[in-house]
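Overview (structure and organization)
Chain by chain, the residues:
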Amino acid sequence: QVQLVESGGGLVQAGGSLRLSCAASGRTFNLYTMGWFRQAPGKEREFVAAISWSGGSTVYADSVKGRFTISRDNAKNTEYLEMNNLKPEDTAVYYCAAGTTDRALLIMSLSVGYDYWGQGTQVTVSS
C-alpha cells in the first residue's frame with residue numbers, strides 16, 4: 001500500500017504564491033505517475049497537473065498553465081506543486097495522486113489513471 005500526505009496549503013492573497021508538497025510512503029518504488037487534482041465547493045474534482053517518473057513529461061490544465069509548476073524528487077518520494085500568480089478561482093482542496101503504471105499524457109490527466117490519493121490540503125486565495 002501507498003500513503004500520500006499533502007502539505008503546504010493555506011490562505012494567500014491574489015497574485016501570491018504557495019508550494020504544495022506530497023510525501024509518499026509505503027510501496028513507492030513504482031509510482032510512475034504523480035499528479036495533482038483539485039475540487040472547489042459544489043464542483044467536480046478537476047485535473048491540475050501531472051508528471052512522469054523521470055520528470056521528463058509534464059501536463060497541465062489550461063487554467064493553470066504558465067502559473068503552476070509540478071516537480072518530483074524520487075529520492076525523497078515527494079512531489080511538489082509550485083503555484084504562482086494565484087487567483088480566487090484557484091481556491092479548492094488540492095489532492096495528490098499517484099499511479100503505478102507508466103501512462104500516456106492523456107491518461108495522466110484523468111483520475112482513472114491513478115491508484116492512490118491523499119486526503120487533500122485547502123488552498124484559499126483571497127481577492
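Above this note sits the structure.
As a starting point, this report considers the structure included with it. (Residues numbered from 1 in each chain as written. Predicted model: local features only at pLDDT ≥ 70, side-chain atom pairs only at ≥ 80, totals over all residues. Heavy atoms only, no water.)

This part takes up a nonpolar patch on the surface. A contiguous nonpolar surface patch, about 320 Å² in accessible area, is contributed by L106, L110 and V112. On the secondary structure map, L106 appears in helix α1 (residues 105-108). (Patch = residues over 30% accessible without salt bridge, like charges linked within 9 Å, V, L, I, M, F, W, Y side chains within 5 Å. Areas by Shrake-Rupley, 256 points an atom, 1.4 Å probe, with all protein chains shown as cover. Salt bridge = Lys/Arg side-chain N within 4 Å of Asp/Glu carboxyl O. Helix = DSSP H or I, 4+ residues; strand = E, 2+ residues; numbered from the N terminus.)

Evaluation of the coordinates by the stated rule reveals 4 salt bridges. Of the charged contacts, one joins D90 and R38 as a salt bridge, the two residues approaching to 2.9 Å between their closest N and O atoms. Taken together, the residues D90 in the loop between β8 (78-83) and β9 (92-99) and R38 in strand β4 (residues 33-39) connect sequence positions 52 residues apart. Note on accessibility: D90 and R38 belong to one class, buried. Residue R67 is joined to D90 by a salt bridge in which the shortest nitrogen-to-oxygen separation is 2.7 Å. A residue pair is termed long-range when its members are at least 10 positions apart, and R67 in the loop between β6 (58-60) and β7 (68-73) and D90 in the loop between β8 and β9 qualify at 23 residues. Both residues of the pair, R67 and D90, count as buried. (Buried < 20%, exposed > 50% of the residue type's maximum accessible area, 1.4 Å probe, protein only.)

Pairing in this open sheet of 4 strands is antiparallel, and the strands run β1-β3-β8-β7 from one edge to the other. Only two strands of the sheet have a single partner each, and these edge strands are β1 (2-7) and β7. Neighbour-to-neighbour, the strand axes of this sheet turn through a mean angle of 15°, independent of strand direction. Pairing geometry for strand β3 (residues 18-26) and β8, over 6 bridges, is antiparallel. Bridged to L20 within β8 is L81. (Pairing = 2+ DSSP bridges. Axes fitted to C-alpha atoms, helices over the stretch in contact; angles between N-to-C directions.)

This paragraph deals with the state of the cysteines. Per the counting criterion, the structure on display carries 1 disulfide. With its sulfur 1.9 Å from that of its partner, C22 forms a disulfide with C96. Here the S-S torsion is close to -75°, and the disulfide linking C22 with C96 is therefore left-handed. Here C22 is found in strand β3, whereas its partner C96 is found in strand β9, with 74 residues between them in sequence. Across this residue pair, the class does not change: C22 and C96 are buried. (Disulfide = S-S within 2.5 Å.)

Attention now goes to the environment of R38. Using a relative accessible area of 5% as the deciding quantity, one classes R38 as buried. Once the C-alpha coordinates of R38 and V93 are considered, the two residues, 55 residues apart in sequence, prove to be 5.4 Å apart. Residues contacting R38, with those up to four places away along its chain left out, are E44, R45, E46, V48, S63, V64, F68, E89, D90, A92, V93 and Y94. One polar contact links R38 to S63, side chain to side chain, over a distance of 3.4 Å. A polar contact is formed between the side chain of R38 and the side chain of Y94, at a distance of 2.9 Å. (Contact = heavy atoms within 4.5 Å. Polar contact = N/O pair within 3.5 Å; in protein donor to acceptor, adjacent residues only side chain to side chain.)

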